Amino acid sequence: MTDTDTDYDIVVAGGGLAGLSMLYHLHTAGKLGEKRVLLVDPERKEGHDRTWSFWEKGEGPFEKLVHHRWHQVTLHNGNTHCSCALRPYAYKVILSNDFYGYVNRILDKLPNLERRFTTADQFLPTDDKVHFRMQGEGYSATHLFSSLPHPLDYREVNQPYLDQHFRGWFVETDEDTFDPGTAAMMDFRTPQEGETRFFYVLPFSQRRALVEIAIFSNDHLTTEAYDVLIGEYIRANWTRGTYRVTHTEAGNIPMTTYGYPRRRGNHIYIGLGGGAARPSTGYTFYGLQRQLARMARDYPDITDTRVWPEKHLLYDATLLRILQERKLAGEELFVNLFRDNPPARVLAFLNGESSLWQELRLMATTPVGVFGSTFVRELL
Ligand SMILES: Cc1cc2nc3c(=O)[nH]c(=O)nc-3n(C[C@H](O)[C@H](O)[C@H](O)COP(=O)(O)OP(=O)(O)OC[C@H]3O[C@@H](n4cnc5c(N)ncnc54)[C@H](O)[C@@H]3O)c2cc1C
């Protein structure tokens, strides 16, 4: 640290989902008090740029922001149709604009929180501080939580890796089309093209839904190509009538057991850049909230920075390897898991909160030879 460094107790670099959630949990745990706190991000996140879906039991920390919840979901492939009652879980959706607005309003009232609309870089942890730079000036923090992106090139990752790339349309139909009580969680009725391709349909009313295609592969499509697939899917499975696309969203989530950095001294990596996406599904929201709430409770003595239990990362490496090498087709694997198990067992597993007994029972319903040999390979 130089004499001219400005010092903070807590710095959060990146004010998207992870950065805002970190500050929210520190605030609700009563840890911000008189601390000098800085949030740095070139933009103030406000709009509807993503839609977070996840499942949980009971009420979560952002329950009042839930835009819609479903207790019933369906899964389809050409051969099998499953309709699953989720209780005690519910499948929930939060719109990013509601989340950003709510958390930003709380943070705006904190007298000790300073915001800077710029970038932070050159992070350098020393024994008791983390040094960094903003606009050429030196700063330091006792704890620095960063959620900056960590770009990966799948060709250089020596671990199972699949991108999950997706594009969704918010549609409004002219006739009653959807059942707002049932979400289509995975619908594989689209040409698979040697990949894992599925739709999910989240109906908010009989005439309004999010229809999104997700593809697990390292070859991305053009916007027009996703749009053709979405249009064909709606026409084949939902309506031949007229509808309007009122909003779109798109993105990519790397699904990988790559060893993302977790911490260097008191520089703690959070969010996607800290490995918060569940490698086998890409779901991030639930695991991230659980991790950040725990770290906020533990602050300032944070020792456990894990998002997913280690054994689950081994299961994920196995599953990803099977999908990447097409040892089993994703459309069979996921639908059969729900067909052959109580949904709560599958959801507990995917949230990383299952018992060993549940995991063994789940695995007994999969093609044991393929899973067993791939598991041993990943273990070694
Ligand atoms: C369209 C979309 C839909 C998704 N849907 C789901 C879903 O349904 N369920 C789910 O669980 N997950 C979902 N995800 C995945 C994941 O939950 C989100 O990507 C989530 O926003 C990740 O949070 P984050 O904080 O890591 O990244 P972001 O929210 O992207 O935040 C990173 C922030 O860092 C800032 N930044 C970058 N560089 C710097 C710098 N040098 N200094 C300071 N700030 C910087 C950026 O401006 C940005 O605000 C979705 C992702 C997308 C893109």
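The structure under discussion appears in the preceding block.
Predicted model, so just to flag it, every value in this text is computed and none were measured. (Residues numbered from 1 in each chain as written. Predicted model: local features only at pLDDT ≥ 70, side-chain atom pairs only at ≥ 80, totals over all residues. Heavy atoms only, no water.)

Participant: Got a sec to walk through the packing of aromatic side chains? Specific residues and values, please.
Facilitator: Under the counting rule described, the total for this entry stands at 28 aromatic pairs. Between Phe-198 and Phe-216, the ring centres sit 5.5 Å apart and the planes meet at 90°, which makes this aromatic pair edge-to-face. Remark: Phe-216 occurs in strand 15 (residues 208–216) and Phe-198 occurs in strand 14 (residues 196–203); sequence separation between them is 18 residues. Using a relative accessible area of 4% as the deciding quantity, one classes Phe-216 as buried. One aromatic cluster is present, built from ring pairs that chain together Tyr-24, Trp-52, Phe-54, Phe-62, Phe-99, Tyr-100, Tyr-102 and Phe-285. Here Arg-278 stacks its cationic end above the ring of Phe-349, 5.5 Å away from the centre of that ring. (Phe/Tyr/Trp six-rings, centres within 6.5 Å; stacked < 30°, edge-to-face > 60°. Helix = DSSP H or I, 4+ residues; strand = E, 2+ residues; numbered from the N terminus. Buried < 20%, exposed > 50% of the residue type's maximum accessible area, 1.4 Å probe, protein only. Lys NZ or Arg CZ within 6 Å of the ring centre and 35° of its normal.)

Participant: Give a detailed account of the site of the ligand, specifying residues and quantitative values.
Facilitator: Surveying the vicinity of the ligand reveals 28 residues, the closest of which are Asp-41, Ser-53, Leu-272, Thr-284 and Phe-285. A distance of 3.0 Å is found between a nitrogen atom of the ligand and a backbone nitrogen or oxygen belonging to Ala-120. Out of a free accessible area of 990 Å², the ligand has 88% covered by protein chains. When residues of the shell around the ligand are traced back to their parent elements, those giving at least two are helix 1 (17–28), strand 3 (51–57) and strand 16 (243–256). Split by residue class, the shell around the ligand holds 14 nonpolar, eight polar and six charged. If you count residues domain by domain, the shell around the ligand takes at least three from each of domain 1 (6–46 + 96–149 + 260–298) and domain 2 (155–255). (Near = heavy atom within 4 Å. Polar contact = N/O pair within 3.5 Å; in protein donor to acceptor, adjacent residues only side chain to side chain. Areas by Shrake-Rupley, 256 points an atom, 1.4 Å probe, with all protein chains shown as cover. Nonpolar A, V, L, I, M, F, W, Y, C, P; charged D, E, K, R; others polar. Domains from an automatic or database assignment.)

Participant: Could you give an account of the layout of surface pockets, with specific residues and numbers?
Facilitator: Its volume calculated, the second largest pocket comes out at about 270 Å³. Forming the boundary of the second largest pocket are 16 residues, of which Tyr-315, Met-363, Thr-366, Phe-371 and Phe-375 lie nearest the centre. Of all the elements in the fold, those that place two or more residues in the lining of the second largest pocket are helix 5 (310–324), helix 6 (330–340), helix 8 (356–364) and helix 9 (368–379). Here the element with the most residues in the lining of the second largest pocket is helix 8; it accounts for five residues. (1 Å grid on protein atoms, 1.4 Å probe; cavity = no way out; pocket = protein on both sides within 12 Å on 5 of 7 lines; lining within 4 Å. Points joined across faces, edges and corners; volume = space filled by probe spheres on them.)

Participant: I'd like a description of the pattern of salt bridges, backed by residues and values.
Facilitator: Enumeration over the complete set of coordinates arrives at 27 salt bridges. The partner of Arg-290 in a salt bridge is Glu-353, with the nearest N and O atoms 3.6 Å apart. Highlighted residues: Arg-290 in helix 4 (residues 285–298) and Glu-353 in the loop between helix 7 (343–350) and helix 8, separated in sequence by 63 residues. Its relative accessible area of 25% is what places Arg-290 among the partly exposed residues. Under the relative-accessibility criterion, Glu-353 is labelled partly exposed at 30%. A salt bridge links Lys-327 to Glu-325; the shortest N-O distance between them is 3.8 Å. On the basis of relative accessibility, which here comes to 34%, the residue Lys-327 falls in the partly exposed class. By relative accessible area, Glu-325 is classed as partly exposed at 37%. (Salt bridge = Lys/Arg side-chain N within 4 Å of Asp/Glu carboxyl O.)

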